[in-house]
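Read off the chains here:
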Amino acid sequence: MLKRWFSTLHVFGRELVANPRQVGAACPSSPILAGRIAALVGRQPEGYVIELGAGTGAITHALLEAGVPASRLIPVERSERLAAHLQKRFPAVGVHHRDARDLKQLANELARTGDRHVSHVVSSLPLRSLPEADVQHILAAVGQVLGERGLFIQYTYSVRGGNEPAHQLHWCGRSVVWLNLPPARVDVFATQPATAAEFRKNSGWSAPDGNLATAS
Ligand SMILES: C[S@@+](CC[C@H](N)C(=O)[O-])C[C@H]1O[C@@H](n2cnc3c(N)ncnc32)[C@H](O)[C@@H]1O
């Protein structure tokens, strides 16, 4: 266990030194943050769960522990080193070493191999340090690949901020995780306003202040 932790920190640290803007974090996600996100996805997601920027696999691990079947979990990671680490750590999961900008193409490929749609996109991508054009491209693709009741889950280290992502994604709510380095804010977005309203009703998460449902 301790050995795995050190090896994870080692691989993360090497990547951070090599590509600081792409990694965009000082540490892997804490188990508390990963667990908060996994609880949102639940045991039986209706479709594929695509995880963008899976890094060292803290959230991948929590999703599997929460009961997401390995066959429905699709981690995507741009770094070759981290993708190889992920594949070794989770041999039952098909890790995709590719760029999140390929999201739409990836969803099309999944649609050809199975009959399940994409129900969740979980993202660790450092949206604040990626080029703006890439961010807009990825967010547009998220809205296109998610099914009707789909959820987009993104975290950021700006705990006091608002609800940045948009592209026709409707903000459902936010929750701050203090036990993470640094503390993180998890935001959830839905493709349909009704799903966002239902999420707010059932989750008890902080609701948007005013009409932020289609903020950009
Ligand atoms: C904050 S770190 C991941 C933290 C992860 N939850 C963990 O615990 O290790 C962000 C990750 O996103 C990856 N990333 C950044 N831009 C990407 C892109 N365009 N496509 C895919 N992955 C990307 C980075 O390589 C990095 O592994």
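Residues numbered from 1 in each chain as written. Predicted model: local features only at pLDDT ≥ 70, side-chain atom pairs only at ≥ 80, totals over all residues. Heavy atoms only, no water.

**Student:** Explain the overall build of the protein chain to me, please; I cannot follow it from the model alone.
**Tutor:** Within the protein chain, the regular secondary structure consists of 8 helices and 7 strands. A compact globule built from 216 residues should have a C-alpha radius of gyration of about 17 Å, and the protein chain, at 16 Å, falls within 12% of that. Along the first, second and third principal axes, the C-alpha atoms of the protein chain reach 45 × 40 × 35 Å. Evaluated residue by residue, the protein chain yields a buried proportion of 50% over its 216 residues. Counted over contacts in the protein chain with a minimum sequence separation of 6, partners at least 24 positions apart contribute 68%. Of the roughly 10,500 Å² that the protein chain leaves accessible, carbon and sulfur atoms contribute 54%. (Helix = DSSP H or I, 4+ residues; strand = E, 2+ residues; numbered from the N terminus. Rg over C-alpha atoms; globule rule 2.2 N^0.38 Å. Buried < 20%, exposed > 50% of the residue type's maximum accessible area, 1.4 Å probe, protein only. Contact = heavy atoms within 4.5 Å. Areas by Shrake-Rupley, 256 points an atom, 1.4 Å probe, with all protein chains shown as cover.)

**Student:** Would you explain the sheet that holds strand β6 (residues 170-177) in this entry?
**Tutor:** Each strand in a sheet pairs with its neighbour through backbone hydrogen bonds, running either in the same direction (parallel) or in the opposite one (antiparallel). The 7 strands are arranged β3-β2-β1-β4-β5-β7-β6 in an open sheet whose pairing can be described as mixed. Unpaired on one side and paired on the other, β3 (96-97) and β6 mark the two borders of the sheet. Of the pairings in the sheet, the one linking strand β2 (residues 73-77) to β3 comprises 2 bridges and is parallel in character. Considered in β3, the bridge of E77 is made with H97. Contacts from helix α6 (residues 103-113) reach β1 (48-52), β2, β3 and β4 (118-123) within the one sheet, and its direction differs from that of β1 by about 155°. (Pairing = 2+ DSSP bridges. Axes fitted to C-alpha atoms, helices over the stretch in contact; angles between N-to-C directions.)

**Student:** Please clarify how the side chain of D99 should be interpreted in this entry.
**Tutor:** Structurally, the position occupied by D99 is in the loop between β3 and α6. On the basis of relative accessibility, which here comes to 14%, the residue D99 falls in the buried class. A polar contact of 3.0 Å, which involves the side chain of D99, links it to the side chain of R78. Side-chain polar atoms of D99 contact the backbone nitrogen of R101, separated by 2.8 Å. Setting aside its immediate chain neighbours within four residues, D99 contacts V76 and R78. (Polar contact = N/O pair within 3.5 Å; in protein donor to acceptor, adjacent residues only side chain to side chain.)

**Student:** Is there a simple way to explain the layout of surface pockets in this structure?
**Tutor:** Empty pockets left among the atoms are what a rolling probe the size of a water molecule brings to light. Approximately 740 Å³ is the volume attributed to the largest pocket. What lines the largest pocket is a set of 46 residues, and nearest its centre among them are S124, L125, P126, L127 and Q154. Of all the secondary-structure elements, those providing two or more residues to the lining of the largest pocket are α2 (20-23), α4 (58-65), β2, α7 (132-145) and β5 (146-156). The biggest single contributor to the lining of the largest pocket is α7, with 6 residues. (1 Å grid on protein atoms, 1.4 Å probe; cavity = no way out; pocket = protein on both sides within 12 Å on 5 of 7 lines; lining within 4 Å. Points joined across faces, edges and corners; volume = space filled by probe spheres on them.)

**Student:** Is there a simple way to explain the pairing of β1 in this structure?
**Tutor:** A regular strand places its side chains so that they alternate between the two faces of the sheet. Across the 5 residues that make up β1, a large majority, 5, are buried. Of the two faces of β1, the one lined by Y48, I50 and L52 and the one lined by V49 and E51 are each fully buried. Pairing of β1 with β4, which is carried by 5 bridges, proceeds in the parallel orientation. Following the sheet pairing, V49 is matched in β4 by H120. One ladder, built from 4 bridges, connects β1 with β2; its direction is parallel. For V49, the partnering residue across the bridge sits in β2 and is L73. The parallel pair β1 and β2, bridged by α4, forms a crossover whose chirality is right-handed. (Right-handed = clockwise from strand over helix to strand, strands pointing away.)

Everything listed is a geometric property; what it means functionally is a separate question.
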